[in-house]
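# Descriptive analysis of the structure
What follows is each chain in one-letter form.
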Amino acid sequence: MKKWMAQYYHERPDVSKLQQQVGRFMEAFDRQVKEEKANLETKEIDEDGFELVKRKSRKLRGSVLPISNARPKKKKKAPVLNFYKNQKREQQQKKLALLRQKFEEDKERIAEMRKQRKFKPY
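Residues numbered from 1 in each chain as written. Predicted model: local features only at pLDDT ≥ 70, side-chain atom pairs only at ≥ 80, totals over all residues. Heavy atoms only, no water.

### Details of the overall build of the protein chain
The test is simple: Each helix is a run of DSSP H or I of at least 4 residues and each strand a run of E of at least 2, with the numbering of both proceeding from the N terminus. The protein chains shown are the only cover counted for residues, whose accessible areas, like all others here, come from Shrake-Rupley with a 1.4 Å probe.
Across its full length, the protein chain carries three helices and two strands. Reading the secondary structure of the protein chain in the N-to-C direction produces α-α-β-β-α. When the accessible surface of the protein chain is summed, it comes to about 13,600 Å², and 56% of that surface belongs to carbon and sulfur atoms.

As structure tokens, then:
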């Protein structure tokens with residue numbers, strides 16, 4: 001039990017340490033976002049002396065995408081044909097009856113071919 005408790009506390013850092021780590025990360029992230037924004041706002045001039053035009057709607061890395069109001073369309077579910085157990089059983093019986101009927105028809109056709117001596121299975 002002590003082993004598991006030690007492992008639990010080792011995997012989960014202290015709240016104050018975690019808060020410090022998160023604070024450092026967020027400060028670095030904010031600095032990076034400000035630098036990227038400043039780079040977008042600076043005017044670049046080419047060798048001819050003309051100002052280069054940039055797109056202002058360029059997404060910053062880490063920025064949140066706008067949420068669209070359009071919801072994705074849900075696929076319509078096909079109606080369940082065999083909902084009840086007896087329906088499934090009846091469908092299986094119909095399949096078996098159809099297979100038996102086809103088998104009998106094939107037997108008759110093969111018998112006719114044998115009578116005509118045109119039966120060559122290979």
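### Quick look at the packing of aromatic side chains
Aromatic ring pairs: the centre-centre distance and the angle between the two ring planes describe each pair. Stated formally: Two aromatic rings, drawn from Phe, Tyr or Trp (for Trp, its six-membered ring), form a pair once their centres lie within 6.5 Å of each other, and the interplanar angle then sorts them: stacked below 30 degrees, edge-to-face above 60, tilted otherwise. For every residue, the accessible area (1.4 Å probe, protein chains only) is compared with the maximum for its type, and the residue is labelled buried under 20%, exposed over 50%, or partly exposed between those bounds.
Per the counting criterion, the structure on display carries three aromatic pairs. Relative to Tyr9, the ring of Tyr8 lies with its centre 5.4 Å away and its plane at 80°, an arrangement referred to as edge-to-face. Accessibility expressed as a relative area gives 43% for Tyr8, which makes it partly exposed. The exposed category is assigned to Tyr9, whose relative accessible area is 57%. On the numbers, 5.0 Å between centres and 90° between planes, the contact of Phe83 with Tyr84 is edge-to-face. Taken as a pair, Phe83 and Tyr84 share a single burial class, namely exposed.

### Details of the confidence of the model for the protein chain
For clarity, the cut-off: Values of pLDDT, ranging from 0 to 100, describe the predictor's confidence in every residue of the model.
Put simply, the protein chain has an average pLDDT of 83, and 82% of its residues get 70 or more. Of all secondary-structure elements in the protein chain, the lowest mean pLDDT belongs to strand β1 (residues 44-45), at 77, while helix α3 (residues 85-116) reaches the highest, 93.

### Description of the pattern of salt bridges
For the record, the criterion: Between Lys or Arg on one side and Asp or Glu on the other, a salt bridge is scored when a side-chain nitrogen of the former is within 4 Å of a carboxyl oxygen of the latter.
Going through the model one piece at a time under the given rule, you end up with two salt bridges. As a salt-bridge pair, Glu11 and Arg12 come within 3.4 Å of each other at their nearest N and O atoms. Residue classification places Arg12 among the partly exposed positions, given a relative accessible area of 43%.

### Some thoughts on a negative patch on the surface
Spelled out, the test is: The patches reported here contain residues having more than 30% relative accessible area and no salt bridge. Joining distances are 9 Å for like charges and 5 Å for nonpolar side chains (Val, Leu, Ile, Met, Phe, Trp, Tyr). Charge counting treats Lys and Arg as positive and Asp and Glu as negative, with His and both chain ends excluded. Working definition for charges: the position is that of NZ of Lys, CZ of Arg, CG of Asp or CD of Glu.
Together, Glu104, Glu105, Glu108 and Glu112 make up a region of like negative charge exposed at the surface. The topology assignment puts Glu112 in helix α3.

### Re α3
Inclusion rule: The span expected for a helix works out to 1.5 Å for each residue beyond the first.
Taking 1.5 Å as the rise per residue, α3 with 32 residues should run 46 Å; its terminal C-alpha atoms sit 47 Å apart, in good agreement. Positive phi shows up at Arg117, right after α3, with a value of about 60°.

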